[in-house]
Amino acid sequence: MTDERLTPSGIPVDPVYGPASSGPEPEPPGQFPYTRGIYASMYRGRLWTMRQYAGFGTATETNRRFRDLLAAGQTGLSVAFDLPTQMGYDSDAVVAEGEVGRAGVAIDSVEDLAELFREIPLDQVSTSMTINATAAILLAMYVVVAEERGVPAGKLRGTVQNDILKEYVARGTYIYPPEASLRLVTDVFRYVVVEGMPFNPISISGYHMREAGATAVQEVAFTFANAIEYLDCAKRAGLDTDAIAPRVSFFFAAHNDLFQEAAKFRAARRLWARLVRERYQGSGASCLLRFHTQTGGSTLTAQQPLNNIVRVAVQAMAAVLGGTQSLHTNSYDEALALPTSDSARLALRTQQILAYESGVPQTVDPLGGSYYVEHLTATIERDARALMGEVERRGGAAKAIEGGFFQDAIHRSAYAAQQATESGDVVVVGVNKFENDEGPPAIHAPDYSGLAVAQRKRVEAVRSKRDAKAWAAALDALAAAARGAEPLMPKIVVAVRARATVGEISDALRAVWGVHRPGAG
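Bear in mind the structure is a predicted one, so any value in this text is a computation, not a measurement.

**Student:** Would you take a moment to explain the overall build of the chain for this structure?
**Tutor:** Along its length, the chain carries 20 helices and 11 strands. For a compact globule of 521 residues, the expected C-alpha radius of gyration is about 24 Å, and the chain comes in at 23 Å, within 12% of that figure. The principal-axis extents of the C-alpha atoms in the chain amount to approximately 75 × 55 × 50 Å. Surface summary for the chain: the accessible area is close to 21300 Å², and the carbon and sulfur share equals 53%.

Structure (structure tokens):
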């Protein structure tokens, strides 16, 4: 009988590790390939950004939550949008029925975005927007809101996710065919460079693939394969890699296996530096892996939800030990409903306790030199690079996704993980072991029907007050640019200024490009 142990990603774990297991000593923090951190001082110089993700129904409600979180010590904002906004539909569209404000905040017009950031100084906060197919529109709205408050684009800090490839793999909130979508992505790159914005034009997400069932190795490999596709697209569009790569950020998940997850971040940092140096001869700034982390939503359980407080603390510790630049900690009740104000505050307090009471930030890379962690770091880097090689053999990320390679690999991993949980081979406390008879707590859902009615009235009011000629001319100019090769972002900004809505701008592009239909020949 063997006593084989594996990490959740299937990496074998020996009973004991020694010097022979760990490989050569890594370089000091702040030196290529940055295994131990991209900065020499890391958290001794500056703590990670505490960026809680929020989006609740209307802009007014979400604004209230944002201001509460900032007052509680949060250092960055992160916006969750509802599904109609993500899919390019206004709240009064037929297909939006029943979805307005449910998965995040409903944003139809620039007036909604202005309300979302009411009384929040846009030149003093960093804002992350989790939006993809309509990322260009929401960024344009953010620019116009700031402009109308007298804040120039060059003062705006933050990130727009803008990672459409993973939507074809793991989430499904795409609109246009891949070629058109990639054009929009690279156009956002061009816009932030031309405008001199200290804004990350993309956050390439492994998080959503991990949530769909990817292993840690798949998360790193597929994320970086997508990143290479984006940089190659930018290069073909005439953009300098060293102008774009330093603005590229990443978004990873942190799950429960503390040492695997911390090692994953170290491996990712090293692998990205080496890839950018090898493939693009990138500068030092281009080789730095800057990433946001969110604790694992798929690890939260509806059974015994208070257990999630401990899970989130362990996952947050892994992210900090791994050297994240930014962190969101999930609320313990998210498996049941939208977080309450109290649970969101507790999630933020988890980060603050790590920052100020745990002692972890006192020294850089405190796990560095651990035989076990160095072994895991090297193994994850090796296996992720090998998987990226398979993607390359299939023609790169876009072609591999089109052929279903990413999707099939993630589905197999997700199925294996589910089987392990159902068989009891993997213990989930409160779910398949240590259960009790307690039912889930009562859920108090918002009045979504009333919220939708109010939001429809808001968008109708915007349409009734705008200059119809300016609005029509702006959308015509955008459609003409989409049919040709002109940059799109300046046209989108003009349309936003004319009070065109998210749905109207998306429709103008849909009319030119069509929509993506998986499997259509």
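Past the structure itself, the notes keep going.
**Student:** In this structure, what is going on with the side chain of Q218? I would like to understand it.
**Tutor:** You can see Q218 is positioned in helix α9 (residues 216-236). By relative accessible area, which is 10% here, Q218 ends up buried. Discounting chain neighbours no more than four positions away, the residues touching Q218 are G213, T223, L387, A409, I410 and S413.

**Student:** Help me understand the pattern of salt bridges, please; the structure alone is not making it clear to me.
**Tutor:** Side-chain pairs of opposite charge can arise where the charged atoms are in close proximity. Scanning the entire structure with this criterion turns up 33 salt bridges. The salt bridge partner of E219 is K264, with a shortest N-O separation of 2.8 Å. One end of the pair, E219, is in helix α9; the other, K264, is in helix α11 (residues 258-280), with 45 residues separating them in the sequence. Relative accessible area serves as the criterion here: at 0%, E219 is assigned to the buried category. When the shortest N-O distance is used, the salt bridge between R236 and E229 registers 4.0 Å. For E229, a relative accessible area of 13% gives the class buried.

**Student:** Looking at this model, I keep getting lost on helix α7 (residues 178-194). Mind explaining?
**Tutor:** Because the α-helix completes a turn every 3.6 residues, residues three or four places apart line up on one side. Across its 17 residues, α7 extends 24 Å between first and last C-alpha, which sits within 8% of the 24 Å expected from 1.5 Å per residue. Taken as a whole, α7 has its buried residues at A180, S181, L182, L184, V185, T186, D187, V188, F189, Y191 and V192. One or two positions beyond α7, positive phi appears at G196, with a value near 65°.

**Student:** Where do I start with the nonpolar core in this structure?
**Tutor:** A general trend in soluble globular proteins is that nonpolar side chains are found buried together. In this structure, F117, L138, F224, F250, W272, F406 and I492 are the most contacted members of the largest nonpolar core, which totals 142 residues. Setting aside anything within four residues of it in sequence, one finds I492 in contact with A136, I137, A140, L184, L478 and I505. Listed in part, the 5 residues of the second largest apolar core include A96, V100, A106 and A452.

**Student:** Got a minute to help me understand helix α2 (residues 59-71) in this structure?
**Tutor:** Over its 13 residues, α2 extends 18 Å from the first C-alpha to the last, a length consistent with the 18 Å expected when each residue adds 1.5 Å. The complete set of buried residues in α2 reads A59, T62, N63, R65, F66 and L69. All buried residues of α2 fall inside an arc of 165° around its axis, so they share one side.

**Student:** Is there a simple way to explain the packing of aromatic side chains in this structure?
**Tutor:** The geometry of an aromatic ring pair comes down to the distance between the two centres and the angle between the two planes. Counted under the stated rule, the structure contains 21 aromatic pairs. When the ring of F32 is compared with that of Y34, the centres are 6.0 Å apart and the planes differ by 80°; the resulting orientation is edge-to-face. Since its relative accessible area comes to 32%, F32 is described here as partly exposed. In this structure Y34 comes out as buried when scored by relative accessible area, which is 8%. Judged by centre distance (6.2 Å) and plane angle (25°), the ring pair of F66 and F117 falls under stacked. With F66 in helix α2 and F117 in the loop between α4 (110-116) and β5 (126-130), the pair connects residues that are 51 residues apart, well separated along the chain. For the pair shown, F66 and F117 are each scored as buried. Taken together, the aromatic side chains of F224, F250, F252, F265, W272 and F291 make up a single cluster linked through ring pairs. Over the face of the ring belonging to F32 we find R277, whose NZ or CZ atom lies 4.2 Å from the ring centre.

The rules we used
Residues numbered from 1 in each chain as written. Predicted model: local features only at pLDDT ≥ 70, side-chain atom pairs only at ≥ 80, totals over all residues. Heavy atoms only, no water. Helix = DSSP H or I, 4+ residues; strand = E, 2+ residues; numbered from the N terminus. Rg over C-alpha atoms; globule rule 2.2 N^0.38 Å. Areas by Shrake-Rupley, 256 points an atom, 1.4 Å probe, with all protein chains shown as cover. Buried < 20%, exposed > 50% of the residue type's maximum accessible area, 1.4 Å probe, protein only. Contact = heavy atoms within 4.5 Å. Salt bridge = Lys/Arg side-chain N within 4 Å of Asp/Glu carboxyl O. Expected span 1.5 Å × (residues − 1). Core = buried A, V, L, I, M, F, W, Y, C linked by side-chain atoms within 4.5 Å. Arc of directions from axis to C-beta. Phe/Tyr/Trp six-rings, centres within 6.5 Å; stacked < 30°, edge-to-face > 60°. Lys NZ or Arg CZ within 6 Å of the ring centre and 35° of its normal.

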